[in-house]
Amino acid sequence: MSEPSPLHAAHVRAGYGARTVLDDLTLTVPAGRVTTIIGPNGCGKSTLLRVLARLMPPSSGHVTLHGDRLDALRPREVARRMAVLPQNPVAPEGMTVGELAARGRQPHQPWYRRWSGEDAQIARDAMRATGVLDLADVPLDELSGGQRQRAWIAMTLAQQADVLLLDEPTTHLDLAHAVEVMDLVVRLRDETGRTIVTVLHDLSLAARYSDHLVVMKDGALVAEGAPADVLTPELLGATFQLRAHVFPDPVDRLPTVVPARSPTIPVPGQP
Amino acid sequence: MRVGPVGVLVRPRAGVAGLVVAVALLGVAGVAVFSGSLDIAPARVLAALAGDGTRVETLVVVDRRLARTLAAVLVGFALGCAGALTQSITRNPIASPDILGVTTGAGFFAVLLITHPALLPGGSAMLAAAAITGGLVTTGGILALSWRAGFDGLRLILVGISVNAIGMAGVSWLLLRTDIDQAAVAMRWLTGSLSGARMPDVLLLAPFVLAAGLACAYLARDLAALRLGRSVAPALGTAPGRTEALALLVAVVLASGATAVAGPVAFAAFVAPQAAMRLFGTAGPPPLAGGLTGALLILAADLTAQRLPAELPVGVVTAVVGAPFLLYLLHRHRRRTSV
């Protein structure tokens, strides 16, 4: 890792009211890679993403973006450097893909100039990159789940920020649509060199599409590294309380997670 | 569309809609100024407008017709714009200032002043001050009651509906305790009427509307981001709390100011932004287009109210138009959610 990390969390503590969710967490996001945060429900992975995205202030510690402390940057400056897609975003009824992509230009526009030829070009490029340019005039509510998610990603691309945070981008999508979104994520890394951080639930999907896995449990970081090194039956047992087989898939040799059968339950179809 | 460094993305449909509404507004304003119960030749109307009319002509054309027309336009713009702002920040078409209790709060303070003139010496300017104070106090109360670790649009609406009911009860109580003449004045004002609008009312409202128009132009970008949700907006560099607070303040001042001049005109703040949204094809209730549509709605409604066999307050006409529109929206909403 030669490039300096664009996004770094130092001794971050955060929570809701009296409940502490993140406790003294330090994380360095590698530049130009896809980093995926995994962990059991309630481990604080979405809270970590919200703190990284400046959607939630840490109660102590701080996050730096390109070397500057997040709390010292103006919101619009943050939005020019880092694009964030929250979980399950909902667009107003009737909004088209083109209008949504155009919104991504907002952080670059002064209030008196809301549109320029350059903005139009960048929004078009963003839609082309995510494969929704043909759908520019179609309302979002008429799209499939995968297309809609790609339209939202087009909006974040139009922000032209080199850090991209995606909170559970594949939730509620079937496997084919989830793969469609994750293929796009990897392509963005390769073609634009963006630093991408995602939160995913599906462990095999996380292993397949990430360069760097970050495993969390009870608000702390318990392991990080390349998927093949991190994803072990021992780790899954300790953090997820999951008995699982982890083996390389026959074609790409990427780690694949399959839950182990409970000994008391018979294998279907076998007497 | 670009003018120097100023550039705004105007879709063809919104451009055409804006032109149609503006032309219609000018047309109706022309009818309102050039015709009336007293026959004055168009040439004499123009002379009166230019300042060369006789005393009677000037009185009728400038002090009555023109003042009433301008007041209708300003009141309509204020209500339409205020409604679009409150509907935008709550993301709910129901949340117009009259349903949130803002208008009723402004009305309560105004009726208090009408029935107890000794409270504050001064004329219509004081009525405006009382109404705006009432609007702000009521909104402060609604916000305080609905605040729970942050702003919540739906809770604001529920608390607003309750506060509205309390305000109405308060107004009824004031009317019951006062003598019949003052009650009659208050009642007529409470229905929403422009028949008494004069130039001082126009001059009172104009600066508010102008300032609010500028504020809306400034807020448009952040409101558009807020339409994508409170979690997406900050990611685009918009601070939701600041935008909501500013939009709410502008909306309350506009709605209270309009109430001070015309009384609580029913349904206008609710109907105009929703009609504008469908007319202009925007993704949410548009503040400026809503204001323009509101101006047309109130002006046309007031003209209709004047020309009926028995002159009615403008609020009756807007209620007749508004109530079916609310039913239509509810019907459409139910069909959409049940499918």
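What counts, and where the lines are drawn
Every chain is numbered independently, its residues counted from 1 as its sequence is written. Whichever chain is written first is A, and whichever ligand is written first is 1; the rest continue in order. The model is predicted, so local features are restricted to residues of pLDDT at least 70 and side-chain atom pairs to those at 80 or more, both for listing and for counting; the totals for chains, interfaces and linings are taken over all residues. No hydrogens and no water enter the side-chain calculation; it runs on all heavy atoms of the structure. Secondary structure elements follow DSSP: runs of H or I of four or more residues count as helices, runs of E of two or more count as strands, with numbering from the N terminus. For a compact globule the rule gives 2.2 Å times the number of residues to the power 0.38, and the radius of gyration it is set against comes from C-alpha atoms. Any two residues whose heavy atoms approach within 4.5 Å at even a single point are treated as in contact. Buriedness of a pocket was judged along seven lines, with at least five required to meet protein on both sides within 12 Å; pockets are open sets of points on a 1 Å grid over the protein atoms alone, cavities are sets where a 1.4 Å probe fits but cannot get out, and lining residues have an atom within 4 Å of a point. Grid points are joined across faces, edges and corners, and a volume is the space filled by probe spheres set on the points. Classes in brief: Ala, Val, Leu, Ile, Met, Phe, Trp, Tyr, Cys and Pro nonpolar; Asp, Glu, Lys and Arg charged; the others, Gly included, polar. Put simply, buried area is the surface a 1.4 Å probe can reach on two separate parts but cannot reach once they are joined, added for both. Note on definitions: salt bridges are taken to be side-chain nitrogens of Lys or Arg within 4 Å of carboxyl oxygens of Asp or Glu. In the analysis that follows, any N or O atom pair within 3.5 Å is treated as a polar contact, provided that within protein one partner can donate a hydrogen and the other can accept it, and provided that, for residues neighboring in sequence, both atoms belong to side chains. Three labels apply to residues, based on accessible area from a 1.4 Å probe with only protein chains included: buried if under 20% of the type maximum, exposed if over 50%, partly exposed otherwise in between. Two strands pair if DSSP finds at least two bridges between them. Axis geometry follows a simple rule: fit a line to the C-alpha atoms, using only the stretch in contact for helices, then measure angles between N-to-C directions, giving values from 0 to 180 degrees. Surface patches are drawn from residues lacking salt bridges whose relative accessible area is over 30%; two like charges belong together within 9 Å, two nonpolar side chains (Val, Leu, Ile, Met, Phe, Trp, Tyr) within 5 Å. Here the Shrake-Rupley method, with its probe set to 1.4 Å, supplies the accessible areas, and only the displayed protein chains count as covering residues. Side-chain rings of Phe, Tyr and Trp (the six-membered ring for Trp) are treated as a pair once their centres are within 6.5 Å; stacked means planes under 30 degrees apart, edge-to-face means over 60, and tilted covers the remaining angles. The span you would expect from a helix comes to 1.5 Å times its residue count less one.

A. Region of the structure containing the overall build of chain A. Scanning chain A from terminus to terminus reveals nine helices and twelve strands. By the compact-globule yardstick of 18 Å for 271 residues, chain A fits well, its C-alpha radius of gyration being 20 Å. Over its C-alpha atoms, taken along the principal directions, chain A stretches across nearly 70 × 45 × 40 Å. Restricting to contacts in chain A with at least 6 residues of sequence separation, those with at least 24 account for 64%.

B. Seen up close, empty space enclosed by the protein. Residues and elements named next belong to chain B. What the rule picks out here adds up to one cavity of 30 Å³ or more. A per-element tally of the lining of the largest cavity places helix α6 (residues 124-146) first, with three residues. For the lining of the largest cavity, a count of residues per class yields six nonpolar, one polar and no charged.

C. Examining the interface of chain A and chain B more closely. Taken residue by residue, the interface counts 29 residues in chain A and 27 residues in chain B. Across the chain A to chain B interface the summed buried area is about 2,500 Å²; carbon plus sulfur atoms make up 61%. Counting across the interface, chain A meets chain B through zero salt bridges. Inspection of the chain A/chain B interface yields four residue pairs in polar contact (both at pLDDT 80 or more). Only α2 (75-81), β6 (82-85), α3 (97-103) and α5 (145-158) of chain A provide two or more residues apiece to the side of chain A that touches chain B.

D. Layout of the pattern of salt bridges. All names here are of chain A. Within the structure shown, the criterion is met by 16 salt bridges over all chains. The closest approach of N and O atoms between D23 and R13, which form a salt bridge, is 2.3 Å. With a gap of ten residues between them, D23 in strand β2 (residues 19-29) and R13 in strand β1 (residues 7-16) connect regions that are remote in the sequence. The exposure class assigned to D23 is partly exposed, which follows from its relative accessible area of 40%.

E. Examining the sheet that holds strand β4 (residues 60-65) of chain A more closely. Residue and element names in this part refer to chain A. Reading across the sheet, the four strands line up as β2-β1-β4-β5 and stay open at both edges, with antiparallel pairing between neighbours. In the strand order of this sheet, the two ends are held by β2 and β5 (68-69), each with one partner. One ladder, built from two bridges, connects β4 with β5; its direction is antiparallel. Each residue of the ladder has a partner; that of L65, found in β5, is D68. Most of the contacts of helix α1 (residues 45-52) go to β2, to which it runs at about 65°, and overall it touches β1, β2 and β4.

F. View of a nonpolar patch on the surface. Taken together, the side chains of F34, L46 and L49 of chain B make up a nonpolar region of the molecular surface, amounting to roughly 260 Å² of accessible area. Take L49 of chain B: its relative accessible area is 37%, and that puts it in the partly exposed class.

G. Representation of the packing of aromatic side chains in the model. For the coordinates displayed, the defined rule picks out four aromatic pairs over all chains. Here the aromatic cluster, defined as three or more aromatic residues joined through ring pairs, consists of F267, F270, F325 and Y328 of chain B.

H. Highlighting the pairing of β2 of chain A. Residues and elements named next belong to chain A. Note: β1 against β2, seven bridges, orientation antiparallel. Paired with Y16 across the bridge in β2 is R19. Counted along the chain from β1 to the antiparallel partner β2, the turn is two residues long, and its residue G17 has a positive phi close to 60°.

I. Geometry of helix α1 (residues 12-34) of chain B. All names here are of chain B. Between the first and last C-alpha of α1 there are 33 Å, a value that for 23 residues agrees with the 33 Å anticipated at 1.5 Å per step. Inspection of α1 places A14, A17, G18, V21, L25, V28, A29, A32 and V33 among the buried residues, and these make up the whole buried set. Buried residues in α1 make contact with α2 (42-50), α3 (55-90), α11 (268-280) and α12 (287-307).

J. Structural detail: the environment of F240 of chain A. Topologically, F240 of chain A is positioned in helix α9 (residues 233-240). Counting along the chain gives 23 residues from F240 of chain A to K217 of chain A, while the straight-line C-alpha distance between them is 8.2 Å.

K. Representation of the environment of A95 of chain B in the model. Residues and elements named next belong to chain B. Locating A95 in the fold gives a position in the loop between α3 and α4 (97-100). Each C-alpha atom of the pair A95 and I161 lies 9.5 Å from the other, and the pair is 66 residues apart in sequence. If near-sequence neighbours (up to four positions away) are discounted, A95 is found in contact with G83, T86, Q87, T90, L100 and I157.

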